[in-house]
Amino acid sequence: MANVHHRYAIVHGRKVFYREAGPLDAPVLVLLHGFPTSSFMFRHLIPALADRYHVIAPDHLGFGLSDAPPVEEFDYTFDALADMTAALLSHLGVSRYSVYVQDYGAPIGWRLALNQPDGITAIITQNGNAYEAGFVRNFWETVWAYHREQNPETEKAVRQAFTLEAIKWQYVTGGGPTRRSSAPTPGTTTTR
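Thresholds, definitions, all that
- Residues numbered from 1 in each chain as written.
- Predicted model: local features only at pLDDT ≥ 70, side-chain atom pairs only at ≥ 80, totals over all residues.
- Heavy atoms only, no water.
- Phe/Tyr/Trp six-rings, centres within 6.5 Å; stacked < 30°, edge-to-face > 60°.
- Helix = DSSP H or I, 4+ residues; strand = E, 2+ residues; numbered from the N terminus.
- Buried < 20%, exposed > 50% of the residue type's maximum accessible area, 1.4 Å probe, protein only.
- Expected span 1.5 Å × (residues − 1).
- Contact = heavy atoms within 4.5 Å.
- 1 Å grid on protein atoms, 1.4 Å probe; cavity = no way out; pocket = protein on both sides within 12 Å on 5 of 7 lines; lining within 4 Å.
- Points joined across faces, edges and corners; volume = space filled by probe spheres on them.
- Nonpolar A, V, L, I, M, F, W, Y, C, P; charged D, E, K, R; others polar.
- Axes fitted to C-alpha atoms, helices over the stretch in contact; angles between N-to-C directions.
- Parallel < 35°, antiparallel > 145°, perpendicular 65-115°, else oblique.
- Left-handed = near helix turned anticlockwise from the far one by under 90°.
- Core = buried A, V, L, I, M, F, W, Y, C linked by side-chain atoms within 4.5 Å.
- Pairing = 2+ DSSP bridges.

**Digging into the packing of aromatic side chains**
How two aromatic rings sit relative to each other is given by the distance of their centres and the angle of their planes.
And then number 1: The full count for this structure, using the stated rule, is seven aromatic pairs.
And then number 2: With 5.5 Å between their ring centres and 80° between their planes, Phe35 and Phe162 make a pair best called edge-to-face. Here Phe162 lies in the loop between helix H5 (152-159) and helix H6 (164-172) and Phe35 lies in the loop between strand S3 (28-32) and helix H1 (45-49), a separation of 127 residues in the sequence.
And then number 3: Its relative accessible area of 16% is what places Phe35 among the buried residues.
And then number 4: The interplanar angle of 55° and the centroid separation of 5.2 Å between the aromatic rings of Phe63 and Tyr104 together place this pair among those described as tilted. With Phe63 in the loop between strand S4 (54-58) and helix H2 (78-91) and Tyr104 in the loop between strand S5 (97-102) and helix H3 (105-115), the pair connects residues that are 41 residues apart, well separated along the chain.
And then number 5: Joined through ring pairs, the aromatic side chains of Phe35, Phe63, Phe78, Tyr104 and Phe162 make up one cluster.

This is the structure we're talking about:
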């Protein structure tokens with residue numbers, strides 16, 4: 001079983017947590033997690049890959065064990081998160097790598113690929129949309145409304161995505177009849 005190291009790096013003045021395993025001279029595989037999780041989601045995958053790959057799995061800023069500065073101090077855009085990830089990889093001396101993207105990690109990975117196409121050797125995607133047709137409209141409409149106009153009403157609706165019911169919905173909806181959740185989509189209300 002491979003040793004998985006839990007490390008921190010200072011990137012643009014922020015503490016970024018990452019998991020790392022595998023031989024330093026092996027091909028690099030960067031794992032980019034989705035919402036609402038962290039690199040913890042890869043805790044079983046990393047050791048399984050570490051015999052053949054040098055695996056790096058960061059927690060995006062605002063997730064897991066990485067710093068979570070307030071929005072007044074950090075612009076939480078995919079561009080800014082991709083810049084943080086690129087800076088972390090540069091700090092680690094990584095210039096060529098494959099990337100595994102999942103959910104929220106996909107727009108970060110796509111930006112890495114666009115900004116340094118010669119550095120990406122492969123892209124593996126799991127639920128990583130690159131087009132609007134793949135988005136579940138009733139989930140994302142609240143996010144898009146908040147993006148168009150930030151006010152107390154749109155903020156209240158988008159905060160529903162952080163409720164326990166909404167997080168459960170993300171993990172189990174579509175998982176089959178025995179795992180399907182009756183949780184509402186974010187932005188909706190229910191009575192019990």
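Read on for the rest.
**Brief notes about H2**
Because an α-helix packs 3.6 residues into every turn, residues spaced three or four apart end up facing the same way.
And then number 1: The end-to-end C-alpha separation of H2 is 20 Å, in line with the 20 Å expected for 14 residues at 1.5 Å each.
And then number 2: Along H2, the positions that sit buried rather than exposed are Ala80, Leu81, Ala82, Met84, Thr85, Ala87, Leu88 and Leu89.
And then number 3: On the buried face of H2, the contacting elements are strand S1 (5-11), strand S2 (14-21), S3, S4, S5 and H3.

**Points about the layout of surface pockets**
And then number 1: Taken as a whole, the largest pocket encloses approximately 2,100 Å³ of empty space.
And then number 2: Together, 48 residues line the largest pocket, and Phe35, Phe78, Tyr104, Trp140 and Val143 are the ones closest to its centre.
And then number 3: When residues of the lining of the largest pocket are assigned to their parent elements, the largest contribution, seven residues, is made by helix H4 (residues 137-148).
And then number 4: By residue class, the composition of the lining of the largest pocket is 28 nonpolar, 12 polar and eight charged.

**Structural notes on the packing of H4 against H5**
And then number 1: The N-to-C vectors of H4 and H5 enclose an angle of 150°; their axes lie 9 Å apart at closest approach. Classified by the angle their axes make, H4 and H5 are roughly antiparallel. Of the two elements, H4 crosses H5, and the hand of that crossing is left-handed. Here Thr142, Val143, Ala145 and Tyr146 of H4 come into contact with H5, specifically with Thr154, Glu155, Ala157 and Val158.

**Quick notes on the nonpolar core**
And then number 1: Within the largest apolar cluster, 30 residues are counted, with the highest numbers of intra-cluster contacts made by Val11, Leu32, Tyr97 and Ile108.
And then number 2: Take this core: its biggest share by element is seven residues, from H2.
And then number 3: Setting aside chain neighbours within four positions, we find Val11 in contact with Val16, Met84, Ala87 and Leu88.
And then number 4: One finds Ala21, Leu49, Ala57 and Tyr100 within the second-largest nonpolar core, a separate group that totals 10 residues.

**Observations regarding the side chain of His60**
And then number 1: Positionally, His60 belongs in the loop between S4 and H2.
And then number 2: Those residues within four positions of His60 in sequence are excluded, and the remaining contacts are Leu32, His33, Ser66, Leu81, Thr85, Tyr104, Gly105 and Ile108.

**Details of the side chain of Ser98**
And then number 1: Here Ser98 shows up in strand S5.
And then number 2: The residues touching Ser98, leaving out its near neighbours within four places in the chain, are Val28, Leu29, Val30, Thr121 and Ala122.

**Thoughts on the sheet that holds S5**
And then number 1: Read from one edge to the other, the open sheet built from six strands follows the order S1-S2-S4-S3-S5-S6, with strand pairing classed as mixed. Unpaired on one side and paired on the other, S1 and strand S6 (120-126) mark the two borders of the sheet. Each strand axis lies, on average, 25° off the axis of its neighbour in the sheet, ignoring direction.
And then number 2: Across seven bridges, the pairing between S1 and S2 is antiparallel. Bridge pairing links Tyr8 to Phe17 in S2.
And then number 3: Of the strands in this sheet, S1, S2, S3, S4 and S5 are in contact with H2, which crosses S1 at around 110°.

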